[in-house]
Amino acid sequence: MQIDFNKNSDGLVPAIIQDATTKNVLMLGYMNQEAFEKTKETQKVTFFSRSKQRLWTKGEESGNFLNLVDMQVDCDNDTLLVMVNPIGPTCHKGTDTCWAEDNVQGYGFLSTLEGVIESRKNDQENPNSYVASLFRKGINKIAQKVGEEAVETVIEAKDNNEELFLNESADLLFHYLILLQAKGYSLNDIAQVLEKRH
């Protein structure tokens, strides 16, 4: 890995710290050549502290280390992406990230959809909500809908109409997310099971 530590007059390059599992950005620090080498050697992320003017291993006082998983340099060889497994909160203020965000696994639009389903579950009196109506009807009706959508997806998989197959697949996933909520679970719970099997 070629890193251009001479690009800046202070010999420092930005190091973006990313959780290797959730892919969330946890913090930004700076490394010089010595901090980079120590990080590789100890497998604990070490920065050059501009305020203390010395090497600083994250967690040396708090115990909230950033265990190294991998490092990559960007296309200009002057910025590092450091993937870690964090031990405890990353920010000195006690939050998961330096932007006060929770470091939780996200699944893009599917996480947004889970949030919408949860809000409908909590507002079952809404007469205009299909999701709320399913929750009112109970777990048996929700499970039945998942079964129906699964059968329809299988039928469309055997035909050549890709649009119908994708629509039925979306219906199946949507109703499965409702079933997970009805049982008190989320996509993250399923991902953890799959990860243990891997």
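Attention here is on the structure that accompanies the text. (Residues numbered from 1 in each chain as written. Predicted model: local features only at pLDDT ≥ 70, side-chain atom pairs only at ≥ 80, totals over all residues. Heavy atoms only, no water.)

Examining the overall build of the protein
(1) Moving on: Broken down by element type, the protein carries six helices and six strands.
(2) Moving on: Reading the protein from its N terminus to its C terminus gives the helix and strand order β-β-α-β-β-β-β-α-α-α-α-α.
(3) Moving on: In terms of overall size, the protein is more extended than a compact globule, its C-alpha atoms giving a radius of gyration of 23 Å where 198 residues would be expected to give roughly 16 Å.
(4) Moving on: When its C-alpha atoms are laid out on the principal axes, the protein stretches across 65 × 40 × 30 Å. (Helix = DSSP H or I, 4+ residues; strand = E, 2+ residues; numbered from the N terminus. Rg over C-alpha atoms; globule rule 2.2 N^0.38 Å.)

Things to note about the nonpolar core
(1) Moving on: In terms of nonpolar packing, the biggest core is built from 18 residues, with Ile-17, Met-31, Val-45, Leu-80 and Val-82 touching the most fellow members.
(2) Moving on: Of all elements in the fold, only β1 (13-19), β2 (25-31), α1 (33-42), β5 (66-73) and β6 (80-86) reach the threshold of two or more residues within this core.
(3) Moving on: The next biggest cluster of nonpolar side chains, apart from the first, holds twelve residues, and it includes Leu-113, Ile-117, Val-146 and Leu-177. (Core = buried A, V, L, I, M, F, W, Y, C linked by side-chain atoms within 4.5 Å. Buried < 20%, exposed > 50% of the residue type's maximum accessible area, 1.4 Å probe, protein only.)

Details of the sheet that holds β1
(1) Moving on: Across the sheet, which stays open at both edges, the four strands sit in the order β2-β1-β6-β5 with mixed pairing between neighbours. The sheet terminates laterally at β2 and β5, the two strands that pair on one side only. With direction set aside, neighbouring strand axes in the sheet form an average angle of 30 degrees.
(2) Moving on: Direction of pairing for β1 relative to β6: parallel, over a ladder of five bridges. Bridge pairing links Ala-15 to Leu-80 in β6.
(3) Moving on: α1 rests against β2, β5 and β6 of the sheet, and its axis sits at about 125 degrees to β5. (Pairing = 2+ DSSP bridges. Axes fitted to C-alpha atoms, helices over the stretch in contact; angles between N-to-C directions. Contact = heavy atoms within 4.5 Å.)

A closer look at the packing of aromatic side chains
(1) Moving on: For the structure shown, the criterion picks out two aromatic pairs.
(2) Moving on: Ring centres of Phe-5 and Phe-36 lie 6.2 Å apart, and the angle between their planes is 55 degrees; this geometry places the pair in the tilted category. Taken together, the residues Phe-5 in the segment before β1 and Phe-36 in helix α1 connect sequence positions 31 residues apart.
(3) Moving on: Given a relative accessible area of 8%, Phe-5 falls into the buried group.
(4) Moving on: According to the relative accessible area criterion, Phe-36 is buried, its value standing at 4%.
(5) Moving on: Positioned above the aromatic ring of Phe-65, the side-chain terminus of Lys-44 is 4.9 Å from the ring centre. (Phe/Tyr/Trp six-rings, centres within 6.5 Å; stacked < 30°, edge-to-face > 60°. Lys NZ or Arg CZ within 6 Å of the ring centre and 35° of its normal.)

Examining the packing of helix α2 (residues 109-121) against helix α5 (residues 162-182)
The axes of two packed helices give the description: the angle between them and the distance between them.
(1) Moving on: Two elements in contact, α2 and α5, have axes separated by 10 Å at closest approach and are oriented at 55 degrees. Relative to α5, the element α2 lies oblique. In this structure, α2 meets α5 at a crossing whose hand is right-handed. Contact residues: Leu-110, Leu-113, Glu-114, Ile-117, Glu-118 and Lys-121 in α2; Leu-173, Phe-174, Leu-177, Ile-178 and Gln-181 in α5.
(2) Moving on: In terms of residue class, the contact of α2 with α5 is made up of seven nonpolar, one polar and three charged. (Parallel < 35°, antiparallel > 145°, perpendicular 65-115°, else oblique. Left-handed = near helix turned anticlockwise from the far one by under 90°. Nonpolar A, V, L, I, M, F, W, Y, C, P; charged D, E, K, R; others polar.)

Things to note about the pairing of strand β3 (residues 46-49)
(1) Moving on: Burial along β3 is two-sided: Thr-46 and Phe-48 facing one way and Phe-47 and Ser-49 facing the other are all buried.
(2) Moving on: Hairpin connection of β3 to strand β4 (residues 54-57): four residues between the antiparallel strands, including Gln-53 at a positive phi of 55 degrees.

Quick notes on unusual backbone geometry
(1) Moving on: In this structure, Gln-43 is a non-glycine residue whose phi angle is positive, near 65 degrees.
(2) Moving on: Positionally, Gln-43 belongs in the loop between α1 and β3.
(3) Moving on: Look at Gln-43 and you get partly exposed, because its relative accessible area is 38%.
(4) Moving on: Of note, Gln-53 is a non-glycine position whose phi angle comes to about 55 degrees, a positive value.
(5) Moving on: For Gln-53, the location among the structural elements is in the loop between β3 and β4.

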